[in-house]
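This is what each chain is made of:
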Amino acid sequence: MLTKFIKIILISFTIFNFTISAKSSDTIKIALIEPMSGPLAAIGLDLIEGMEFFAERINKSGGVLGGRHIEIIPFDNQMVAEKTIQQLRKVIDQDIRYVSQGVGSNHALNIIKTLKKHNKRNPGKEVMFLNHSAVTTAFTNELCDFYHFRFDANVDMKVAGLITKMASDPDVKKVYLINQNYAYGQSFQAAAQRLLPERAPHIEIVGDELIVPFGKILDFTPYIAKFTASGADTILTGNWGPDAARMITAGANAQLKVKYYSIYAGIPNAMNAMGSKISTFTPILQITESNENDPNHPEWLQEIEAEYTAFSNKSPYADRQRWMLDMFAAALEIAGTDDPTAVGFALEGMKSRGANGEVYMRAKDHQMHFDMVISHISENVEKTFVYNGENYGMGYKTDGWVNKEEITLPSTCEMKRPKNS
Amino acid sequence: MLNIIKSFSSWIIIALIAALLPMMFDSYFALTLLSKMGVLVIFTVAYNMLLGQGGMLSFGHAIYFGFAGYVSVHILNGIGGEIIPYFPIVLFPIIGAIVGASIGAIIGYLSTRRAGTAFAMISLGFCEMATAFTLIFVVFFNGEDGIQTDRVVGPEPMGISFGPQVEVYYLILFWTLLTVILMYLITKTPFGRMSNAVRDNPERAAFIGYNVRHVRWIAFTLSAMFAGAAGSLHAINYEHIGFESVSVVQSGQVLFMAFIGGVGHFLGPIIGAIGLTYLDSVLLDITEAWLLYLGVTFAVIVAFAPGGLAGLIVMHGPIARTNKSLLIGLIKPYLAAIGSSLTGIVGVIGIIEMLYFKSLISKGEGEIIIFWTEFNANGIFSWIIFIGLILGGIYLCKITYPKAKEGWDHAISVVKSEISL
Amino acid sequence: MDAILFNIFNGILYGMLLFMLSSGLTLIFGMMGVLNFAHASFFMLGAYFAYQISEFVGFYPALIIAPLLIAVIGAYVEKYGLRRVHKFGHVAELLFTFGLFYIIEEIVQMIWGKVPVGYHIPLSMDFSLFKIMGMSYPAYQMFTLAVSIGIFVGLFFVLAKTRAGLIIKAALTHPEIVSSLGHNVPRVFMVVFGLGCGLAGLAGVLAGNTLGTDPSMALFLGPIVFVVIVVGGLGSLKGALVASLLIGLMQTFAISLDYSLNNILEFLGFSVDLESLWRILIDITISQIAPILPYLLLVVMLIARPRGLFGTRDV
């Protein structure tokens, strides 16, 4: 009885072929694999929206390669490694030659390794990875690959930027390092341990801690006690999500007066979660590529950002998506074809414009270089952050810039390059 | 001889169809999906040895699945790096089985001292611990990133390198058939029967003279062994293993599949594994609300059809055997009931999709694609249509459900009278 | 000495939070044997409801209204959902609550979005009450502590001294007899389930603003609650209290212990090659594994004494 049923199912399967077929239009497709459901869905969806906006801008002003449009095709990976690989296989099936991703470095690692194998096993059908936010330093060092381009600064660069600023900050004398105990947090810790004595030898490291990551720790008060006992005036941390929000909240509740130097502790989601009282209780500094409240913020960028806000009902945040798509479009034009190998050669060394001057893609390791701004959350800003129509009442106030030269670091990358036809 | 072939005819036909599937579905993604189905069929049937046949609810079965995967990946990498002598990929599930059985024996020894809810909680505790282990002991498990591997290693007998996905599919198909047949045969052995007896009435089984604890322990170990075999195939399929494969989420997934398929019948888990894997991979690209649908489906099945899909089908077995025309007579009222439910469901889905759309994306236009047609989420019209469908559906259900029930009662009473004759 | 006092005080604060969260579930689990996977979901709903209500009328009304709403919702879930499933056995009930967990999470996302919401401590209590070791404690935390102690005392009083409590306690251990004595046991179940959910909701109201209110709350907090009720013993309020405090103290002290096996070995005179493969095993400090300790405790307890510390029934 049951086996008959299974037979029927299998036969129906063969009849109804539900695989999603590729649209056969003449667009240049970029598959974007991000979490669209689950705890990090908000970040994923925002990034997808940003990409679509910047692609649309290019399409509206004439497209590329004689009027062809760039099409962003999102794929949900639910932050599960298996799904990322599965979606990647779907992408390959659909003959899409460009993949982008950024939320979760471990997924980027999967994509890099899977594409390495695929590109090796399928010459002529290479797929390129446009990495917009996965910051693991190794991706442009020992894991570098011709078909991988990173458009964000890596962990080491960001830590170098933070520490350079800390070195000239008179308030910073004793720093406590605290990070999440996984690949990203550990590399932050390693970079800090290496760069602090190099760039800021007068600063004393009074504590160095790794915590169990991803919201497992509910009560941060014991850590606050450790901070207090050590006499630290600054916390240098790579923490993000609840690991950052809870820590800072606990600190504020305990009236802990420290400065937070971080990468992700002040992202818009966190600002909202913590609220204005906590976000402005002590300075929460972060390092990004652009700040809409910067006194020297260029006019042309402000115009683009206004368009973005009209489109998405949000304040601008990730400027790197703009130059990623602009450079991609420019590379297509230079290469004259949509073949990833030619586009790759065109991207090497390419320059574009950023919020504080020129930005460029280093040819040696495919790592983007740009000036970075250190800012802190404040209520005294001209443009407060708006998200989906809700105004948070606070925004980012520039503390200073770090030049790209100051955060240019050596690379161990030895890339095998294909032949440039 | 002919009799054996006859009784196995259903299996043979299924095996043939499965072997021919790659002809119809030859894309990378489709083959990956089919391979995944095979792996999960093994895993779920193995899990059902514990749940359906042994009456033990475990939340920790992913431990054996995942750890077998980790060991397999390490060995594959060892072969690739020429640290370990070559071991044929075809035989890797044996490695997985050994790993699964070893760990299963240890944890089983500790867990089977208790039964019922205690057993379930112990398994939950172990699973959380195992997940934490994989995140902390980075040297072996590589934490968040998981471990990548390359399955194209060693000599290639008959030109089979397992690079192409279709070769992996056939490998998995072979092992799926082998392990499922083995597990089926186990249910026919005295041990299998004792496992059922222990499930139904442990006291009585003990009184007959069987050591209840030993029976459970052996069932546990066997179940873990097959789960381990599945785990190594999983690692080969994705060329990657991560902490998610050890987590409670993975255990929960296999529990879902077994239950929805139907734990009371041997083939239930197979249906569940195939069906849910398919939905899981295809749905998430169609809708963002798929988790909600999954949860609702699950709750509905648990509440109204706890025997799962297999249970529903087998329920009709007596009717089919007694008088085929009765079964055919049921088709009309069933179709009517299903049709009216679908009307309501379409309405509900439409509303949910639009709600999701409105809450998550606040772009200017309100176009959303539901059921392959475009609707405007901002216009009142779309909402009216779907609400109308819901109301219409409810009304229709009120008419058709009693008719369906009537038909069922009638058929059953005929069956009963035929039997008593 | 200061540090030890601090850790004790902190451990108690954290423990009482856990107790608030688990008190409801231990009653439900103890009485109905229902492993409610969605218990933490009601906690989350409580936080969200409180956020929404306090946007309109302020925190104090939210403190009363939100838990009541959750209790009512819980009662309805029991009456129309769980009761149907009850006859199919414990596994079915558990799976039903599994599905419920997903449903609640998705509905929350649909209504409030996927981003954390700005639910914050009410300004009226957002001042420092006193200081220990240079760290100040906001009045709000003391308020939370007071409420959780109040819950414990109140529940204890109801269960021990009132007639209703007597019936509930009897139904905990002998449901059939209670039923044959003429009490409406299904109604008792419904009330207890609603009460349990309401307690979870109250915990959500009080803790949502310090822990962060976002759709993944339930996922993070769920497992630890199970540890508490199993270790404490099913159906035992006293057990839940002791287990919560134990786990709270254990985790707080563990974080301050930066010692690893390495330190012990060094103390004993051995030096370990830090480059070896087993380095990681030895180098792990207790503070780094603090969050796993509760699960270790769970497993040990279930193997050694499945009744828990004060349980009246075997699990």
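Residues numbered from 1 in each chain as written. Chains lettered and ligands numbered in written order. Predicted model: local features only at pLDDT ≥ 70, side-chain atom pairs only at ≥ 80, totals over all residues.

Residue and element names in this part refer to chain A. One non-glycine residue, M79, lies in the positive phi region at around 55°. The class for M79 is buried, based on 21 C-beta atoms found within 10 Å. Residues other than glycine seldom take positive phi values, yet N313 does so here, at roughly 65°. (Buried ≥ 20, exposed ≤ 12 C-beta atoms within 10 Å, placed from the backbone.)

A word on the confidence of the model for chain C. All names here are of chain C. For chain C, per-residue confidence averages 81 on the pLDDT scale, and residues scoring 70 or more make up 90% of the total. By mean pLDDT, helix 12 (residues 279–283) is the weakest element of chain C at 60, and helix 2 (residues 39–56) is the strongest at 92. The complex model carries a pTM of 0.83, and its ipTM stands at 0.79. (pLDDT = per-residue confidence, 0-100. Helix = DSSP H or I, 4+ residues; strand = E, 2+ residues; numbered from the N terminus.)

Let's shift gears to the interface of chain C and chain A. Between chain C and chain A, the contact holds 27 residues from the first and 30 residues from the second. For the side of chain C that touches chain A, the element with the highest residue contribution is helix 1 (residues 2–32) of chain C, accounting for 4 residues. Within the side of chain C that touches chain A, the residues separate by chemical class into 12 nonpolar, 13 polar and 2 charged. (Contact = placed C-beta atoms within 7 Å. Nonpolar A, V, L, I, M, F, W, Y, C, P; charged D, E, K, R; others polar.)

For the rest of this paragraph, the subject is the domain arrangement of chain B. By domain assignment, chain B separates into domain 1 (14–255) and domain 2 (316–420). One C-alpha centre belongs to domain 1 of chain B, the other to domain 2 of chain B, and the line joining them spans 37 Å. (Domains from an automatic or database assignment.)

Looking now at the packing of helix 6 (residues 116–136) of chain B against helix 13 (residues 293–304) of chain C. Running from amino to carboxyl end, helix 6 of chain B crosses helix 13 of chain C at an angle of 150°, the nearest separation of the two axes being 9 Å. Relative to helix 13 of chain C, the element helix 6 of chain B lies roughly antiparallel. Here helix 6 of chain B runs over helix 13 of chain C; the crossing is left-handed. Each of A118, M121, I122, G125, F126, E128 and M129 of chain B in helix 6 of chain B lies in contact with helix 13 of chain C, whose residues at this interface are Y295, L296, L298, V299 and L302 of chain C. Tallied by class, the residues present in the contact of helix 6 of chain B with helix 13 of chain C amount to 10 nonpolar, 1 polar and 1 charged. (Axes fitted to C-alpha atoms, helices over the stretch in contact; angles between N-to-C directions. Parallel < 35°, antiparallel > 145°, perpendicular 65-115°, else oblique. Left-handed = near helix turned anticlockwise from the far one by under 90°.)

On to the environment of N48 of chain B, then. Residues and elements named next belong to chain B. You can see N48 is positioned in helix 3 (residues 28–51). Expressed as a C-alpha distance, the spacing of N48 and E406, which sit 358 residues apart in the sequence, is 34 Å. Other than its neighbours up to four places away in sequence, N48 contacts Q53, A258, V263 and P269.

All right, on to the sheet that holds strand 14 (residues 372–378) of chain A then. All names here are of chain A. Strand order in this open sheet of 7 strands is 7-6-8-9-10-14-17, and the pairing throughout is mixed. Of all strands in the sheet, those bounded by a partner on one side alone are strand 7 (204–211) and strand 17 (395–402). Neighbour-to-neighbour, the strand axes of the sheet open up by a mean angle of 25°, direction not taken into account. In the sheet, strand 9 (residues 259–262) pairs with strand 10 (residues 284–288) via 3 bridges, with the strands oriented parallel. (Pairing = 2+ DSSP bridges.)

The next subject is the packing of helix 3 (residues 59–86) of chain C against helix 4 (residues 90–112) of chain C. Residues and elements named next belong to chain C. Two elements in contact, helix 3 and helix 4, have axes whose closest approach is 8 Å; the angle formed by their N-to-C orientations is 150°. Taken together, the axis directions place helix 3 and helix 4 in an arrangement best described as roughly antiparallel. For the pair helix 3 and helix 4, the contacting residues are G81, L82, V85 and H86 in the first and A92, E93 and F96 in the second. Grouping the amino acids of the contact of helix 3 with helix 4 by side-chain chemistry returns 4 nonpolar, 2 polar and 1 charged.

Let's shift gears to the environment of I211 of chain A. Residues and elements named next belong to chain A. For I211, the position within the fold is in strand 7. Judged by C-beta crowding, with 23 C-beta atoms within 10 Å, I211 ranks as buried. Other than its neighbours up to four places away in sequence, I211 contacts I178, Q180, N181, I217 and D243.

What follows covers the pairing of strand 11 (residues 351–354) of chain A. All names here are of chain A. Bridge analysis of strand 11 against strand 12 (residues 357–362) gives 4 bridges, and the strand direction is antiparallel. Bridge assignment links S352 to a residue of strand 12, and that residue is V359. Two successive antiparallel strands, strand 11 and strand 12, enclose a turn made up of 2 residues.

All names here are of chain A. Taken across its 7 residues, strand 1 (residues 28–34) has 7 buried, putting it largely inside the fold. Of the two faces of strand 1, both are covered, the one formed by I28, I30, L32 and E34 as well as the one formed by K29, A31 and I33. Taken together, the 7 bridges between strand 1 and strand 2 (residues 70–76) define a ladder with parallel strand orientation. Bridging across to strand 2, L32 finds its partner in P74. Following the chain from strand 1 across helix 2 (residues 41–60) to the adjacent parallel strand 2, one finds a crossover that is right-handed. Where strand 1 meets strand 3 (residues 98–101), 3 bridges bridge the pair, whose relative direction is parallel. When the sheet's bridge partners are listed, L32 is paired in strand 3 with S100. (Right-handed = clockwise from strand over helix to strand, strands pointing away.)

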